[in-house]
Amino acid sequence: MASSSSTAVATATETTTERRGIPGAQFVEDVETYLNQSGLDVNSALSFLQERLQQYKLVEMKLLAQQRDLQAKIPDIEKCLDVVATLQAKKGTGEPLIADFEVSEGIYSQARIEDAESVCLWLGANVMLEYSCEEANDLLQKNLDNAKASLEVLVADLLFLRDQVTITQVTIARVYNWDVHQKRRMREAVTAEKDS
Amino acid sequence: MQQGGGSDKEVTWEDQQNINNFGRLNNRLHELEDEIKIAKETNDNLEDASNELILTDEEVVRFQIGEVFAHVPRDEVETRIEQMKEVTSKNMEKLDEEKEFVVAQMAKLKKILYGKFGDSINLEEN
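The structure presented is a predicted model; accordingly, all values stated were derived computationally and were not measured. (Residues numbered from 1 in each chain as written. Chains lettered and ligands numbered in written order. Predicted model: local features only at pLDDT ≥ 70, side-chain atom pairs only at ≥ 80, totals over all residues. Heavy atoms only, no water.)

## Brief notes about the overall build of chain A
Now for step 1: If you tally the helices and strands in chain A, you get four helices and six strands.
Now for step 2: Beginning at the N terminus, the succession of helices and strands in chain A can be written as α-β-β-α-α-β-β-β-β-α.
Now for step 3: Relative to the compact-globule value of 16 Å for 196 residues, chain A shows a C-alpha radius of gyration of 30 Å, a clear excess of over 25%.
Now for step 4: Here chain A, with 196 residues, has 31% of them falling under the buried criterion.
Now for step 5: Approximately 12,500 Å² of chain A is accessible, and the part contributed by carbon and sulfur atoms is 54%.
Now for step 6: With 20 positive and 31 negative side-chain charges, chain A shows a spacing of 7 Å between the two charge centroids. (Helix = DSSP H or I, 4+ residues; strand = E, 2+ residues; numbered from the N terminus. Rg over C-alpha atoms; globule rule 2.2 N^0.38 Å. Buried < 20%, exposed > 50% of the residue type's maximum accessible area, 1.4 Å probe, protein only. Areas by Shrake-Rupley, 256 points an atom, 1.4 Å probe, with all protein chains shown as cover. Lys, Arg positive; Asp, Glu negative; His and termini not counted. Charge placed at Lys NZ, Arg CZ, Asp CG, Glu CD.)

## A look at the interface of chain B and chain A
Now for step 1: Each partner contributes residues to the interface: chain B has 23 residues there, and chain A has 30 residues.
Now for step 2: For the pair chain B and chain A, the summed buried surface comes to about 2,400 Å²; carbon and sulfur atoms form 51% of the total.
Now for step 3: On the chain B side of the contact with chain A, W13, R24 and H71 of chain B bury the most area, a combined 25% of that side's loss.
Now for step 4: Between chain B and chain A we count four salt bridges in total.
Now for step 5: On the surface where chain B and chain A come into contact, there are six residue pairs in polar contact (both at pLDDT 80 or more).
Now for step 6: Here the element with the most residues in the side of chain B that touches chain A is helix 1 (residues 13-55) of chain B; it accounts for six residues.
Now for step 7: As paired elements, strand 3 (residues 97-104) of chain A and strand 2 (residues 68-73) of chain B share two bridges and run antiparallel to each other. In the sheet register, D100 of chain A faces strand 2 of chain B, and the bridge partner there is F69 of chain B. (Contact = heavy atoms within 4.5 Å. Buried area = accessible area lost by both parts, 1.4 Å probe. Salt bridge = Lys/Arg side-chain N within 4 Å of Asp/Glu carboxyl O. Polar contact = N/O pair within 3.5 Å; in protein donor to acceptor, adjacent residues only side chain to side chain. Pairing = 2+ DSSP bridges.)

## Considering the confidence of the model for chain A
Now for step 1: The predicted model of chain A averages 88 in pLDDT, with 92% of residues at 70 or higher.
Now for step 2: Per-element confidence in chain A is highest for strand 6 (residues 127-132) of chain A, whose mean pLDDT is 94, and lowest for helix 1 (residues 2-13) of chain A, whose mean pLDDT is 40. (pLDDT = per-residue confidence, 0-100.)

## As for the environment of I22 of chain A
Residue and element names in this part refer to chain A.
Now for step 1: Looking at the secondary structure, you find I22 in strand 2 (residues 22-23).
Now for step 2: Since its relative accessible area comes to 5%, I22 is described here as buried.
Now for step 3: It is 31 Å that separates the C-alpha atoms of I22 and Q141, two residues lying 119 residues apart in sequence.

## Quick notes on the UniProt feature "coiled-coil region" (unreviewed entry) in chain B
Now for step 1: As annotated in UniProt, the feature "coiled-coil region" (unreviewed entry) corresponds to residues 22-59 of chain B in the numbering used here.
Now for step 2: Secondary structure across residues 22-59 of chain B comprises 89% helix and 0% strand; the distance between its end C-alpha atoms is 54 Å. (UniProt positions renumbered as here; feature names shortened; annotations may be inferred.)

## Digging into the packing of aromatic side chains
Each aromatic ring pair is summarised here by two numbers: the centre-to-centre distance and the angle between the ring planes.
Now for step 1: Under the defined criterion, the tally for this structure stands at two aromatic pairs over all chains.
Now for step 2: An angle of 55° between the planes, with centres 5.1 Å apart, marks the rings of F27 of chain A and W13 of chain B as tilted. One end of the pair, F27 of chain A, is in the loop between strand 2 and helix 2 (31-38); the other, W13 of chain B, is in helix 1, on a second chain. The two residues F27 of chain A and W13 of chain B agree in class, both being buried. (Phe/Tyr/Trp six-rings, centres within 6.5 Å; stacked < 30°, edge-to-face > 60°.)

## Remarks on the sheet that holds strand 3 of chain A
Now for step 1: The four strands are arranged 4(A)-3(A)-2(B)-1(B) in an open sheet whose pairing can be described as antiparallel. Only two strands of the sheet have a single partner each, and these edge strands are strand 4 (107-113) of chain A together with strand 1 (60-65) of chain B. On average, adjacent strands in this sheet sit at an angle of 30° to one another, irrespective of strand direction.
Now for step 2: Pairing of strand 3 of chain A with strand 4 of chain A involves seven bridges; the strand directions are antiparallel. Bridge pairing in strand 4 of chain A links F101 of chain A to S109 of chain A.
Now for step 3: In this fold helix 3 (residues 42-93) of chain A packs onto strand 3 and strand 4 of chain A together with strand 1 of chain B, with an angle of close to 135° to the strand it touches most, strand 1 of chain B. (Axes fitted to C-alpha atoms, helices over the stretch in contact; angles between N-to-C directions.)

## Quick look at the packing of helix 3 of chain A against helix 4 (residues 133-195) of chain A
All names here are of chain A.
Now for step 1: As a packed pair, helix 3 and helix 4 sit with axes 7 Å apart at the nearest point and diverge in direction by 160°. What the angle tells us is that helix 3 and helix 4 run roughly antiparallel. Where helix 3 crosses over helix 4, the handedness of that crossing is left-handed.
Now for step 2: Broken down by class, the residue content of the contact of helix 3 with helix 4 amounts to 29 nonpolar, 13 polar and 10 charged. (Parallel < 35°, antiparallel > 145°, perpendicular 65-115°, else oblique. Left-handed = near helix turned anticlockwise from the far one by under 90°. Nonpolar A, V, L, I, M, F, W, Y, C, P; charged D, E, K, R; others polar.)

## Some points on the layout of surface pockets
Now for step 1: Counted as a void, the second largest pocket has a volume near 1,200 Å³.
Now for step 2: Along the walls of the second largest pocket sit 44 residues, with T166 and V170 of chain A together with I19, I121 and N122 of chain B positioned nearest its centre.
Now for step 3: Counting only elements with at least two residues in the lining of the second largest pocket, the list comes to helix 2, helix 3 and helix 4 of chain A together with helix 1 and helix 2 (74-117) of chain B.
Now for step 4: If you tally residues by element for the lining of the second largest pocket, the top one is helix 4 of chain A, at 13 residues.
Now for step 5: Of the residues assigned to the lining of the second largest pocket, the class counts are 15 nonpolar, 14 polar and 15 charged. (1 Å grid on protein atoms, 1.4 Å probe; cavity = no way out; pocket = protein on both sides within 12 Å on 5 of 7 lines; lining within 4 Å. Points joined across faces, edges and corners; volume = space filled by probe spheres on them.)

Encoded structure:
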């Protein structure tokens with residue numbers, strides 16, 4: 001019973017301990033208690049916190065790069081879905097789809113696509129597979145859903161990370177201010193002694 | 001007597017959460033401003049395309065689908081562009097609404113945080 005109530009108190013003041021490999025920043029209730037508990041002097045505490053901040057920044061850059069990649073991938077998949085939908089729409093009508101496509105930069109040629117039964121999808125790693133229009137639609141839709149889901153998770157990771165960065169920055173400021181305060185109090189105590 | 005660097009104000013978990021939320025909102029605000037800029041550009045491009053379409057007297061228009069330019073009859077292009085404009089303007093409305101909400105939330109948090117910490121905290125854009 002005692003242990004469960006103490007963990008209940010702990011979770012009220014601490015954030016989640018970590019998320020997908022990112023360590024959570026410990027919220028400091030009182031600077032003096034924190035320094036005594038961790039056994040660190042002010043400078044060691046500050047350099048530990050600064051190091052943590054650097055690590056967070058590194059992870060943030062990695063996540064931002066992944067986010068940019070996903071954000072570029074999603075419109076590409078949507079464009080492919082658009083093309084497949086257009087081909088499927090044209091299939092019933094018996095009319096060919098005439099399109100101008102880029103042969104090389106600045107040079108275009110005309111293509112005549114009649115009754116597209118299948119499309120080829122680029123799967124990456126120099127692999128291209130032929131699919132029926134329906135199968136291609138399903139595959140592209142699945143890829144789109146996966147990309148959007150991954151992006152959501154990534155965005156949540158970034159929010160968590162930024163919170164930890166803010167907590168760490170505030171803790172650094174508080175530890176520093178506490179130190180300044182302490183030093184001033186000691187100076188005032190020394191001058192008071194001298195005067196008395 | 002307290003000077004700026006030696007503030008005595010204790011930071012509670014609630015304060016920390018307010019600061020965290022302010023940070024999140026500020027980031028979201030910048031993202032929204034970028035998204036609104038892009039949406040506005042897309043809108044302008046669609047307007048220009050619409051206008052060009054009215055001016056042209058060709059029956060078949062080269063309309064970009066994916067990476068190619070498909071030959072599409074003019075009426076269909078008109079319909080497609082109208083649809084795209086609908087989507088973009090709905091999107092912009094949503095973005096503007098969210099931006100208003102975010103700005104209002106930030107103003108509330110500023111009041112609370114400046115109220116407690118005064119000069120010890122800076123919530124302004126650099």
